[in-house]
Amino acid sequence: MKSKLSKLSRLTVLGLCLGILISVFIFQVQAAEPENSSASVTERRECEGFDTPEEAITAFCEALKEYDFEKALSTFALESYCENYDYAGFIERLRAFQPVSINIISPAENDLSMNLNTMKRISDIAAKITTPLQMIAFDNMVLFSEDENIKQLADALRSYQLYKADELSYSELKAIAVSMQQYPDFSNVEISEPLSPLKLGALNPSYLSLNNLNNIFLQDVIAGASGAAEMGIIMEDKRNIYLVVINTVKYGDKWYNYSLGGNFMILMSIPVSRSGIIGGSKENFDELDYDLITAEDLQTLFDASFDQSSHVPTDEELSEFRQTFEEEHAVYAETMETEAKANGLVYDPETSWFDQIDVLKELAEKKGETFYSTNYIKITAMSYDEMKHYFTLEDDLP
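The text that follows walks through the structure, step by step, so that each part is easy to find.

The rules behind each value
Residues numbered from 1 in each chain as written. Predicted model: local features only at pLDDT ≥ 70, side-chain atom pairs only at ≥ 80, totals over all residues. Heavy atoms only, no water. Buried < 20%, exposed > 50% of the residue type's maximum accessible area, 1.4 Å probe, protein only. Helix = DSSP H or I, 4+ residues; strand = E, 2+ residues; numbered from the N terminus. Contact = heavy atoms within 4.5 Å. Polar contact = N/O pair within 3.5 Å; in protein donor to acceptor, adjacent residues only side chain to side chain. Core = buried A, V, L, I, M, F, W, Y, C linked by side-chain atoms within 4.5 Å. Salt bridge = Lys/Arg side-chain N within 4 Å of Asp/Glu carboxyl O. Lys, Arg positive; Asp, Glu negative; His and termini not counted. Patch = residues over 30% accessible without salt bridge, like charges linked within 9 Å, V, L, I, M, F, W, Y side chains within 5 Å. Areas by Shrake-Rupley, 256 points an atom, 1.4 Å probe, with all protein chains shown as cover. Charge placed at Lys NZ, Arg CZ, Asp CG, Glu CD. Phe/Tyr/Trp six-rings, centres within 6.5 Å; stacked < 30°, edge-to-face > 60°. Lys NZ or Arg CZ within 6 Å of the ring centre and 35° of its normal. Pairing = 2+ DSSP bridges. Axes fitted to C-alpha atoms, helices over the stretch in contact; angles between N-to-C directions. Left-handed = near helix turned anticlockwise from the far one by under 90°. Nonpolar A, V, L, I, M, F, W, Y, C, P; charged D, E, K, R; others polar.

Moving on, we get to helix α6 (residues 87-94). Within the span of α6, buried status applies to Tyr87, Gly89 and Ile91. Taken together, the buried residues of α6 touch α11 (210-222). Between the side-chain oxygen of the N-cap and the backbone nitrogen of alanine 88 there are 3.3 Å, and the N-cap of α6 in question is aspartate 86. Following α6 by one or two positions, arginine 95 adopts a phi angle in the positive range, close to 70°.

Listed below in structure tokens is the structure:
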């Protein structure tokens, strides 16, 4: 009997000890975990945002100067973009699903979707940053390498041609890999004051056309932005000059970088692989792969960033732009007000266009039309003052 009791006591003590150990372990794990068990989901990679678009692009260029890519990425709308992006609107505009290239699928239905969206967004931005830097490295190989084989290789790659490596040894390939890392050195560049859309438009008259601005506006509405501004910055040192262009967007009351390269680079026929960060050696600029932009153009923009009175449209041109804008806005407002009334809806031309998006979406549905088209989404849908505020052009337009 004593033996059985002794055995029972030992088991009881052992059970109590195990219970205490398990309790301690659980306590330690809980103490080690953050209060929010989904911290991996809620921890945001983007920064807190900026008060102005000028601050957003400047922060990116300062991070680029330091080669702090984590900081550079954080200046972009990452989670905010994923949370506000209208995937259904994107498909409505495209009118088709693409099975291979799947964009951000938003709004996210769960933590997994949110994580995947954020990862894809970060990956897209990282690629947009690294690709033009690699193209500039190819330029440097062509311009400064003393090895003719490396020059030919780099020239082929920057021209999007296949370069066969059948006859290259492993040691030669390793040497080429080293050479391919001649990335631009931004450490000593001077960063200009940000360039407004009007300054960028000085290089291409089509930039400030209503049709072009409509395309920018439609893209930014799908992104869910409450404001947008395409900004540029010149970075220059004694030997090199670079242009950085970014489309910035506003979510809530904060600005973020949105798309490196923006619409301006497309109009200037800059290849997609170079879009966003272009430039290089001033002395050899004519040997770079730019069809419609010169070192003199970049210098003009650099000078314009310090002389706010030059390189902008004339007062007469701006007055004509305003007159055309207001005429088209009047037509839009009258058309929408009439069509809304005919379909049992109320559209008020005196109310902000953004506050009436749901009305216009319902109107498009009733009429069997596409909301995400230039019939409904165009900059002249806004009043002139609302448009200036949206694009932060109050100081540039009359």
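Taken as a class, soluble globular proteins show a tendency for nonpolar side chains to be buried jointly. With 70 residues, the main nonpolar core has Leu243, Trp353 and Phe391 as its most contacted residues. Per-element accounting of this core gives the leading share, 7 residues, to α11. Those residues in contact with tryptophan 353, other than ones at most four positions away along the chain, are Phe217, Val221, Tyr332, Tyr347, Leu360, Phe371, Tyr376, Ile377, Ala381, Met382 and Glu386.

Let's shift gears to the pattern of salt bridges. Taken as a whole, this structure holds 15 salt bridges when the rule is applied. Among the salt bridges present, the one from glutamate 46 reaches arginine 44, with a minimum N-O distance of 2.9 Å. Classification of glutamate 46 by relative accessible area gives buried; the value is 8%. A salt bridge links aspartate 51 to lysine 254, with the shortest nitrogen-to-oxygen separation between them at 2.8 Å. On the criterion of sequence distance, the pair formed by aspartate 51 in the loop between α2 (39-42) and α3 (53-66) and lysine 254 in strand β4 (residues 254-260) is long-range, its members being 203 residues apart. Residue classification places lysine 254 among the partly exposed residues on the basis of a relative accessible area of 26%. In this structure, a network of salt bridges that share partners links the residues Asp139, Asp155, Arg158 and Arg274.

Turning to the side chain of aspartate 297, a few remarks are in order. By the secondary structure assignment, aspartate 297 is in helix α13 (residues 295-304). Although aspartate 297 lies buried, it forms no salt bridge, and the closest oppositely charged side chain, arginine 274, sits 15 Å away as judged by the N-O distance. Once you skip the residues sitting within four places of it in the chain, aspartate 297 turns out to touch Leu203 and Leu292.

Below, the discussion takes up a negative patch on the surface. Where like charges cluster on the molecular surface, the negative patch consists of Glu54, Glu55, Asp385, Glu394 and Asp395. Here aspartate 395 shows up in the segment after α16 (384-390).

As a further point, take the side chain of serine 273. Mapped onto the elements, serine 273 comes out in the loop between α12 (262-267) and β5 (277-281). A polar contact of 2.7 Å, which involves the side chain of serine 273, links it to the side chain of tyrosine 160. Those residues in contact with serine 273, other than ones at most four positions away along the chain, are Thr131, Pro132, Met135 and Tyr160.

Tracing the backbone shows glutamate 386 in helix α16. Taking the C-alpha atoms as reference points, glutamate 386 and phenylalanine 354, 32 residues apart in sequence, are found 9.7 Å from one another. In contact with glutamate 386, not counting residues within four places along its chain, are Ser352, Trp353 and Phe354.

Moving on: the packing of aromatic side chains. For the structure shown, the criterion picks out 21 aromatic pairs. Aromatic pair phenylalanine 217 and tryptophan 353: ring centres 5.6 Å apart, planes at 55°, arrangement tilted. Residue phenylalanine 217 is located in helix α11, and its partner tryptophan 353 is located in the loop between α14 (315-342) and α15 (357-367); the two are separated by 136 residues in the primary sequence. We classify tryptophan 353 as buried; its relative accessible area is 1%. Relative to phenylalanine 354, the ring of tryptophan 353 lies with its centre 5.1 Å away and its plane at 85°, an arrangement referred to as edge-to-face. In textbook terms, an aromatic cluster arises when at least three aromatic residues are bridged by ring pairs, as seen for Tyr81, Tyr85, Tyr87, Phe90, Phe97 and Tyr258. In this arrangement the basic side chain of arginine 121 is found over the ring face of tyrosine 81, its NZ or CZ atom lying 4.0 Å from the centre.

We now examine the pairing of strand β2 (residues 227-236). Counting buried positions along β2 yields 10 of 10 residues, so the element is predominantly enclosed. Burial along β2 is two-sided: the residues Gly227, Ala229, Met231, Ile233 and Met235 and Ala228, Glu230, Gly232, Ile234 and Glu236 are all buried. Note that strand β1 (residues 190-191) and β2 share 2 bridges and pair antiparallel. Note that in β2 the partner of glutamate 190 across the bridge is glutamate 236. As paired elements, β2 and strand β3 (residues 240-251) share 10 bridges and run antiparallel to each other. Residue pairing across strands places methionine 231 opposite isoleucine 246, the latter belonging to β3.

Next up on the list: the packing of helix α7 (residues 111-144) against helix α8 (residues 148-158). Running from amino to carboxyl end, α7 crosses α8 at an angle of 145°, the nearest separation of the two axes being 8 Å. Considering how the two elements wind past one another, α7 and α8 form a crossing that is left-handed. When α7 is examined against α8, the residues Met135, Phe138, Asp139, Met141, Val142, Leu143 and Phe144 are found in contact with a partner set consisting of Ile150, Lys151, Leu153, Ala154, Asp155, Leu157 and Arg158. The residue inventory of the contact of α7 with α8, partitioned by class, reads 10 nonpolar, no polar and 4 charged.

None of this, on its own, says anything about what the molecule does.
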